[in-house]
Amino acid sequence: MRSKTLCFNGTLFRKNLSRYWPLWGLASFGGALFPLAMLVNLLHSGFDFWTPLETTQAYYNVLSYGVPVISIVYAVLCAMAVWNYLYNTRSVGLMHTLPIRREGLFVTNVISGLVMMAIPYAVTGVLIVLVSFLYGGFEPVGVLVTILGVAGESIFFFGLATFCALIVGNVFMLPALYGLLNFLAVLTDFTVNLLAQGFCFGLNSSYSGTVEWLSPVVYLMQQVQPNSIYQEKLVQNSVYGPYSTDVLTEVHLENGWLIAVYAAVGVVLMVLAWLMYRRRRSESAGDVVAVGWMKPVFRYGCAAFSAILGGRLLYALFWESFQNGLYFTVLPMILCMIVGGAVGYYAASMLLAKTLRVFRSTWKGMLAVALGCIALCAAMKFDVFGVVRRVPAADSVKQVNLYTADSNYYLTPGQDDELIEKVRALHQAIINDKDYALTAASAASEACTDREVLYAYTTVRFTYTLNSGLKVERQYDLYLTRDRMAQDGTYDNLLDRLINSPEMRQKRIRWQDAGFQMDSAWITTRTGDTDLNSREVETILSAVARDAENGNWGVYDWFDSRDDADHYDMTVHIHYQMANHRYDSIDISVREGMAETIQALKELGLITDEDLVLNRDAYPWQYSNNGWEEYDQFYNEFGMPPEEYYNRYGSYPAGWFGTETEIDPAVDDSHSPSMSAGAASA
């Protein structure tokens, strides 16, 4: 009879499941608590039924935000269970002398681990489906998509854990390496940006997300999300009258195909793990790193991270308080990085050699670490990579976001090409004036004696979303002067002309922009808050747009934007939902002279003439000399705040906050006419 070589051993499979039953048993018990809790809540609430779409939405939320977190932890526990014999010399010797080839050991252990991963999910899923049948929320498509998603993520995370298990030779190194690989891209991105911020003008983001896809948990939770579509519906109620509510109409899983890609990567990692297992020496049990080619990666990787993180810490402790300006002094930073790199390099060398006597044999590698620190600092100081000089080309961007003047402005190619070119010109002007922005402007501000008149300080942030999906973000803290704002070509002049142009004033209120969907809105007046529906918001924004065209709203004064004496005590708040689950909001303060907006608010019944009280009349102490002292005197004499007295009686007593109180000139908060060239042209 011909002998057969099997790649699966049933006895070992059953032994794995029976030996580690507390692992998958406790996980199953924990998972079963959730559907049982759902059932108890349904019984308590009298079976307040969910719709199938709401159930699917709940499935997708768990798949997007819960399964990655659970799987990343549970997968490494299963891998530690089935591969633990590799880390003990006696155990690995025993397993490799059994009449089972390495192919059989590998396949059996992989299947054992995947089954242990599947059991808790299967128990939890079956119970949830049964509960959903009870309250009429069962939806087969959502269940199928969720099952496929859970299976795909389980394959990937267990495949990655198995790959790590074959690299290391120590059971404690397995979770360490596994966790590092899951977050390596995020950690690298953070450390590189942390260093670059101290060298590169305008770079202040601590995370760019350039290679986020190499950090599976972070990327999956960011990209794979439920997309729920609601429609506003009018409900007739005999008691409270008609009211509007949002009804869920569609639910989709955005970027669900990414799970299939990661599952394929998990299969590839298991194949690589098998190739390493074929060549793995049994004598490597107990080593920190069991694969030869990974040892220099481990040594120099530890040195690199230690140089950047440790060097930054040493610089903050010993030199940052002595530096001049906002950016690093190069020589001290190099020395701190070399010290930090040496700590990481020799610590890794000692772990690999299992001895403290490594200094004599590893000095050449330490020299390479020192030269690397010098080269990296020099490259960033002299902008070898072009980070400081980079202004993305217009044809390479998918969206441009400019933040300044207390507002976001979103520009789209094909619709706002002229404005995008002006934004790029402004960005280039700031880069060209780098030396002035860092030195001359700061010195000029110290020499100023009248800050409100001569100069201002503002923040400008550029965010370019590229066609590739990556982002280029720069932020500059700039000084503005009246003299430079009148000079063509300076960043002061370009910024003012751009923001105070009629087109950007309309952009500020998101007028007729299809990229914004109203999420919520309300108006705040002296008497309280009132919610606004979409029709009312449309009417109000239309009126504000007409006021902007007439020059009564939206012109930003850079040099005195804090005084709101000519505003009424009313503000319209609007929150928007944008693509990719982003949100934005605007606050429109109603000021004297906004005739169109005031008329629209009156016609909607939101305000009356009694609400048209200027801040200078309602809160005069805020705009007078020694006003707060008079505020305290009023409170002591009348036993109530002045604003409460005004709301109750409609005026202040004779002699209080009257003509003898000097009122400062009123200026609109971000909407009053500017004395700059841009405001004059607007």
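Note on numbering: residues in each chain are counted from 1, in written sequence order. Two thresholds apply to this predicted model, a pLDDT of at least 70 for residue-level local features and 80 or more for giving and counting side-chain atom pairs, whereas whole-chain, interface and lining totals are computed over all residues. Computation of side-chain values covers all heavy atoms of the structure but excludes hydrogens and water.

### Let's talk about the packing of helix H22 (residues 627-638) against helix H23 (residues 642-649)
Note on method: axes are straight lines fitted to C-alpha atoms, helices fitted across the in-contact stretch only, with angles between N-to-C directions ranging 0 to 180 degrees. Strands are runs of DSSP state E lasting at least two residues, helices are runs of H or I lasting at least four, and both sets are numbered from the N terminus onward. Their axes nearest at 9 Å, the elements H22 and H23 cross at an angle of 65 degrees. Contacts between H22 and H23 involve Tyr631, Phe634 and Phe638 from the former and Pro642, Glu643 and Tyr645 from the latter. Residues that form the contact of H22 with H23 fall into these classes: five nonpolar, no polar and one charged. Two residues qualify as a contact provided that any one of their heavy atoms is within 4.5 Å of a heavy atom in the partner residue. Each residue receives one of three labels: charged for Asp, Glu, Lys and Arg, nonpolar for Ala, Val, Leu, Ile, Met, Phe, Trp, Tyr, Cys and Pro, and polar for the others, Gly being one of them.

### Remarks on the nonpolar core
Generally speaking, a soluble globular protein has its nonpolar side chains buried in company with each other. Trp83, Ile167 and Tyr178 are the most contacted members of the largest nonpolar core, which has 72 residues in total. Residues contacting Ile167, with those up to four places away along its chain left out, are Leu177, Met276, Arg280, Val289, Ala290, Val291 and Met294. Counting residues in hydrophobic clusters, the runner-up holds 58 residues, among them Phe201, Leu402, Leu426 and Tyr436. Residues grouped as a nonpolar core are buried Ala, Val, Leu, Ile, Met, Phe, Trp, Tyr and Cys residues, joined through side-chain atoms within 4.5 Å. For every residue, the accessible area obtained with a 1.4 Å probe (protein chains only) is divided by the maximum for its type, and the residue is called buried under 20%, exposed over 50%, and partly exposed between those limits.

### Considering the side chain of Asp547
In this fold, Asp547 is placed in helix H19 (residues 534-549). Of the side chains with opposite charge, Arg546 lies nearest to the buried Asp547, which makes no salt bridge, at 7.0 Å. In contact with Asp547, not counting residues within four places along its chain, are Asn552, Trp553, Gly593, Met594, Ala595, Glu596 and Thr597. Charge counting treats Lys and Arg as positive and Asp and Glu as negative, with His and both chain ends excluded. Any carboxyl oxygen of Asp or Glu within 4 Å of a side-chain nitrogen of Lys or Arg constitutes a salt bridge here.

### What to know about H23
When we look at burial in H23, the residues that qualify are Pro642, Tyr645 and Tyr646. Down the axis of H23, the smallest arc covering the buried residues is 100 degrees, so these residues share one side. Considering only its buried residues, H23 is in contact with helix H21 (615-618) and H22. Remark: Gly650 follows H23 within two positions and exhibits a positive phi of approximately 85 degrees. Here the arc refers to the directions that run from the helix axis out to each C-beta atom.

### Some remarks on the packing of aromatic side chains
Geometry of aromatic contacts follows a simple scheme: Phe, Tyr and Trp rings, the Trp one being its six-membered ring, pair when their centres are within 6.5 Å, and the pair is stacked under 30 degrees between planes, edge-to-face over 60, tilted otherwise. Scanning all chains against the criterion turns up 34 aromatic pairs. With a centroid separation of 5.3 Å and 80 degrees between ring planes, the pair formed by Phe199 and Phe328 is classed as edge-to-face. With Phe199 in the loop between helix H7 (173-196) and helix H8 (216-223) and Phe328 in the loop between helix H10 (294-318) and helix H11 (330-353), the pair connects residues that are 129 residues apart, well separated along the chain. Both residues of the pair, Phe199 and Phe328, count as buried.

### Quick word on the confidence of the model for the protein chain
Note on scores: pLDDT gives the predictor's confidence for each residue, bounded by 0 and 100. Mean pLDDT over the protein chain: 84, with 89% of residues reaching 70 or higher. The model gives residues 449-453 a pLDDT under 50, and that stretch makes seven contacts with residues more than four places away or in other chains. In this model residues 659-682 is a low-confidence stretch, pLDDT under 50, and it forms 73 contacts with partners more than four residues away in sequence or in other chains.

### Some points on the sheet that holds strand S6 (residues 471-481)
Spatially, the four strands line up as an open sheet ordered S4-S3-S5-S6, and their pairing is antiparallel. At either end of the open sheet lies a strand with only one pairing partner, and these are strand S4 (407-411) and S6. Adjacent strand axes in the sheet meet at a mean angle of 15 degrees when their direction is disregarded. Packing against the sheet, helix H13 (residues 417-432) makes contact with strand S3 (397-404), S4, strand S5 (455-466) and S6, and its axis sits at approximately 120 degrees to S5. Packed onto the sheet, helix H17 (residues 491-499) meets S3, S4, S5 and S6 and runs at close to 105 degrees relative to S6. Strands qualify as paired when DSSP identifies two bridges or more between them.

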